[in-house]
Amino acid sequence: MRIGELARRTGVSERSLRYYEQQGLLAAERTPGGQRDYPERAVDRVIRIQELFAAGLHSQKIAQLLPCMRDADGGPSEIADAQLVGDLTAERDRIDRLIVELRNSRAVLDDVISAAADR
């Protein structure tokens, strides 16, 4: 499929898709005319990349992680190793800390809103 169709099917801009390719996160064959031609599995790959970005991982970490995942189900592949597990555990812990911080910030805002509404 061409880049425009992949963008429409995933809700990701063509610019982002080109960036993913630059970073080694996504691969496309080239037509004789030089246009990108993505396989059907690229849809799952782009969705997975978006999920990993949303989780706060940066492109270098995603590039390291993607070869260890199966696109269809997200399960680990045979090449996932202890180092990757440690890195992902650290990322998860970082996200957990952010969740706590965000909940605390929301509680402060709730208090301010409540106090302001009572005036």
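Look up a bit, the structure's there.
What counts and what doesn't
- In this convention, every chain numbers its residues from 1, walking through the sequence in written order.
- This being a predicted model, a pLDDT of at least 70 is required before a residue's local features are given, and a value of 80 or more before pairs of side-chain atoms are given or counted; all residues contribute to the totals for chains, interfaces and linings.
- Note that water and hydrogens are dropped before the side-chain values are worked out from all heavy atoms of the structure.
- For helices the rule is a DSSP run of H or I covering at least 4 residues; for strands it is a run of E covering at least 2, with both sets numbered from the N terminus onward.
- Atoms counted for the radius of gyration: C-alpha only. Globule rule: 2.2 Å times the number of residues to the power 0.38.
- Exposure is judged per residue with a 1.4 Å probe applied to protein chains only, and the accessible area is read against the type maximum: over 50% gives exposed, under 20% gives buried, and values in between give partly exposed.
- Residues are treated as being in contact if the distance between any of their heavy atoms lies within 4.5 Å.
- None of His or the chain ends enter the tally, which takes Lys and Arg as positive and Asp and Glu as negative.
- For the purpose of locating charges, the reference atoms are NZ of Lys, CZ of Arg, CG of Asp and CD of Glu.
- Lines fitted to the C-alpha atoms define the axes, with helices restricted to the stretch that makes contact. Angles between their N-to-C directions range from 0 to 180 degrees.
- Any angle from 65 to 115 degrees is called roughly perpendicular, while one under 35 is roughly parallel, one over 145 is roughly antiparallel, and all others are oblique.
- Throughout this entry, Asp, Glu, Lys and Arg are counted as charged residues, while Ala, Val, Leu, Ile, Met, Phe, Trp, Tyr, Cys and Pro are counted as nonpolar. The remaining residues, Gly among them, count as polar.

Glancing now at the overall build of the protein. Along its length, the protein carries 5 helices and 2 strands. Overall, the protein shows an N-to-C arrangement of helices and strands of α-α-β-β-α-α-α. For the protein, the C-alpha radius of gyration of 19 Å lies well beyond 14 Å, the compact-globule estimate for 119 residues. In the protein, which comprises 119 residues, the proportion classed as buried is 29%. Counting only contacts in the protein whose residues sit at least 6 apart along the sequence, the fraction spanning at least 24 positions is 46%. Averaging the locations of the 18 positively and 20 negatively charged side chains of the protein gives two centres separated by 4 Å.

For the rest of this paragraph, the subject is the packing of helix α1 (residues 3–10) against helix α2 (residues 14–22). Geometry of a packed helix pair, given as the angle between the helix axes and the separation of the axes. Here α1 crosses α2 at 105°, and the two axes come no closer than 9 Å. On the basis of the axis angle, α1 is roughly perpendicular to α2. Touching I3, G4, L6 and A7 of α1 are E14, L17 and R18, all from α2. Tallied by class, residues from the contact of α1 with α2 come to 4 nonpolar, 1 polar and 2 charged.

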